[in-house]
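# Working through the structure, step by step
Given next are the chains, with one letter for each unit.
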Amino acid sequence: MGSQIRFPLTINLLGLTLVLASMVSGCGASGSSSQAISPGASGTTLAVAGSSATTVRFNPQILRNFVDNVVVPSNNQFAQRADVLSGAIAAFTKAPNAQTLKNAQSAWVKARAAWEQTECFGFGPAESLGYDGSLDTWPINETDLKALIKSSDKLTAASVEKLKETEKGFHVMEYLLFGTDKSRQAKDLTPRELELLPLLGADFAQNANRLADAWSKGVEGKPAYRTVMATAGSSGNAAYPTVQAGAAQIIEGMLGSLGEVADEKIGKALEKKDSKLAESRFSFNTLTDIKHNVMGSQNAYIGTFADAKATSLGISSYVAQVNPALDQKIKQQFEAALTALDKVPEPFEKSISDPKATASIKAAQEAVNTLQNTLEKDVKPLLKSV
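All of these numbers come straight from a predicted model, not from anything done at the bench. (Residues numbered from 1 in each chain as written. Predicted model: local features only at pLDDT ≥ 70, side-chain atom pairs only at ≥ 80, totals over all residues. Heavy atoms only, no water.)

## Brief notes about the overall build of the chain
A count of helices and strands for the chain gives 15 helices and five strands. Residue burial in the chain is summarised as follows: out of 386 residues, 52% are buried. Of the roughly 16800 Å² of accessible surface on the chain, 50% is carried by carbon and sulfur atoms. (Helix = DSSP H or I, 4+ residues; strand = E, 2+ residues; numbered from the N terminus. Buried < 20%, exposed > 50% of the residue type's maximum accessible area, 1.4 Å probe, protein only. Areas by Shrake-Rupley, 256 points an atom, 1.4 Å probe, with all protein chains shown as cover.)

## A look at the pattern of salt bridges
In this structure the tally under the stated criterion is 18 salt bridges. Asp 289 is paired through a salt bridge with Arg 112; the nearest N and O atoms lie 3.2 Å apart. A residue pair is termed long-range when its members are at least 10 positions apart, and Asp 289 in helix H11 (residues 286-302) and Arg 112 in helix H2 (residues 98-116) qualify at 177 residues. Exposure class is identical for Asp 289 and Arg 112. Each is buried. Its salt-bridge partner being Glu 279, residue Lys 265 comes within 3.4 Å of it at the nearest N-O pair. Taken together, the residues Lys 265 in helix H10 (residues 243-272) and Glu 279 in the loop between H10 and H11 connect sequence positions 14 residues apart. Across this residue pair, the class does not change: Lys 265 and Glu 279 are buried. Several salt bridges share partner residues, and in doing so they unite Arg 112, Glu 116, Asp 136, Lys 265, Glu 279 and Asp 289 into one network. (Salt bridge = Lys/Arg side-chain N within 4 Å of Asp/Glu carboxyl O.)

## Considering unusual backbone geometry
In the segment running from Trp 138 into Pro 139, the intervening peptide bond is cis, with an omega of -5°. Following the sequence through the fold, Pro 139 ends up in the loop between helix H4 (131-136) and helix H5 (142-150). Of the consecutive residues Glu 346 and Pro 347, the connecting peptide bond is found in the cis state with omega at -10°. Counting through the fold element by element, Pro 347 comes out in the loop between helix H13 (324-342) and helix H14 (348-351). Located in the positive-phi region is Lys 182, a residue other than glycine, with phi close to 60°. Among the secondary structure elements, Lys 182 is positioned in the loop between helix H7 (170-178) and helix H8 (191-216). Of note, Glu 220 is a non-glycine position whose phi angle comes to about 50°, a positive value. Following the sequence through the fold, Glu 220 ends up in the loop between H8 and helix H9 (225-230).

## Considerations on the packing of aromatic side chains
Inspection of every chain in the model, using the stated rule, returns 15 aromatic pairs. With a centroid separation of 6.0 Å and 90° between ring planes, the pair formed by Phe 66 and Phe 121 is classed as edge-to-face. In this pair, Phe 66 is assigned in helix H1 (residues 61-94) and Phe 121 in the loop between H2 and helix H3 (125-128), connecting sequence segments 55 residues apart. Accessibility classification places Phe 66 together with Phe 121 in one group, the buried group. Cluster of aromatic residues (ring-pair linked, three or more members): Phe 78, Trp 108, Trp 115, Phe 170, Phe 178 and Phe 204. (Phe/Tyr/Trp six-rings, centres within 6.5 Å; stacked < 30°, edge-to-face > 60°.)

## Examining helix H12 (residues 315-322)
Of the residues making up H12, those classed as buried are Ile 315, Ser 316, Tyr 318, Val 319 and Val 322. End-on, the buried residues of H12 take up no more than an arc of 160°, which puts them together on one face. (Arc of directions from axis to C-beta.)

## Brief notes about the side chain of Gln 117
Here Gln 117 lies in the loop between H2 and H3. Excluding residues that lie within four positions of it along the chain, Gln 117 makes contacts with His 292, Met 295, Gly 296, Asn 299 and Phe 305. (Contact = heavy atoms within 4.5 Å.)

## Section: the environment of Glu 161
Here Glu 161 is to be found in helix H6 (residues 157-161). When the C-alpha positions of Glu 161 and Ala 202 are compared, they lie 9.6 Å apart, and in sequence the two are 41 residues distant. If we skip the residues at most four places from it in the chain, Glu 161 touches Lys 168, Asp 203, Gln 206 and Arg 210.

## As for the side chain of His 292
Structurally, His 292 is set in helix H11. Judged by relative accessible area, which is 15%, His 292 ranks as buried. If we ignore the near neighbours within four places in the chain, the residues touching His 292 are Ala 113, Glu 116 and Gln 117.

## Some thoughts on the packing of H2 against H7
When two helices pack together, their arrangement is given by the angle between the helix axes and by the axis-to-axis distance. Contact geometry of H2 with H7 gives a least axis separation of 10 Å together with a crossing angle of 155°. Compared by their axis directions, H2 and H7 come out roughly antiparallel. Relative to H7, the crossing made by H2 is left-handed. For the pair formed by H2 and H7, the contact residues are Leu 101, Ala 104, Gln 105, Trp 108, Val 109, Ala 111, Arg 112 and Trp 115 on the first element and Phe 170, His 171, Met 173, Glu 174, Leu 177 and Phe 178 on the second. Of the residues contributing to the contact of H2 with H7, the split by class is ten nonpolar, two polar and two charged. (Axes fitted to C-alpha atoms, helices over the stretch in contact; angles between N-to-C directions. Parallel < 35°, antiparallel > 145°, perpendicular 65-115°, else oblique. Left-handed = near helix turned anticlockwise from the far one by under 90°. Nonpolar A, V, L, I, M, F, W, Y, C, P; charged D, E, K, R; others polar.)

In structure tokens, the structure reads:
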């Protein structure tokens, strides 16, 4: 018996079968229609009987395109920017001045942009191998971090690798590079902080590259997760026993990311009017984070990545076959959400407590919620458990 793939699933997708949702209109003649489902060589076939038979196939190439033209290039870009960030931090700590600090801060922002677009596919190795926690745990433990900085404990690559997730990653570096309100100057950092920062940067870059490798090459004796998803429905694929399971995972990833944006990143801060609840509050980068989260889900839906220059083939392609109007609606809602976010005054960390900005923040939250609800109610039913 061959070895089984043991990456844990984020959601239980076993036994999913693709069905045509009742909201589908315009397929065949008016009136009632019957639906039959049968497996096809190139995917699952949905035959809709009306005045004439129509077939809609879910193309397995959508999954291969998702990993090859969205996930892998997105993670590779993030790993490359993590390397640049690590190098910029090292240069700053060797020669602390206004310019080298600015370079390190800019590298942090660019790495952050790449990372936030990967949030909707934080399943697989990002979760099961702990890379997400090591890279992007929030909130950080400022008390433990300050104690570490004040201590005389020896700082090494090994000791930093063993730190708690709340003591390293994006936001600890952000705290050290930007200060608590984006007012950090090079002279503000202590020798101990200058000693810690490059070790944090190197650990961060190492984890970013391991995550990229986990998808494209495989790590720790596990197969490349790119292969796991791309071969959904193949014999022996315990993670994705059906093509539909892989498709559902993409949708669940989008729903999770958009839900976090609306409920957590915007919602909690808006409810409490508290800038401390803004995730990237040290750098005043929270609103940019949120925009890139939405863009990442948009990439996943369309099946393309801005820098990959690849032909798009995604969940959108299938939805457009089943219900063209729904596909256009979703695309318009993505654009509406991004437009609404653009109208929120920067920085979000200050706007959150400004009564004049409340309406625009609520409008942005509502736009993201509307998009999430459409995906939940109109797209997710295309993949029902039976």
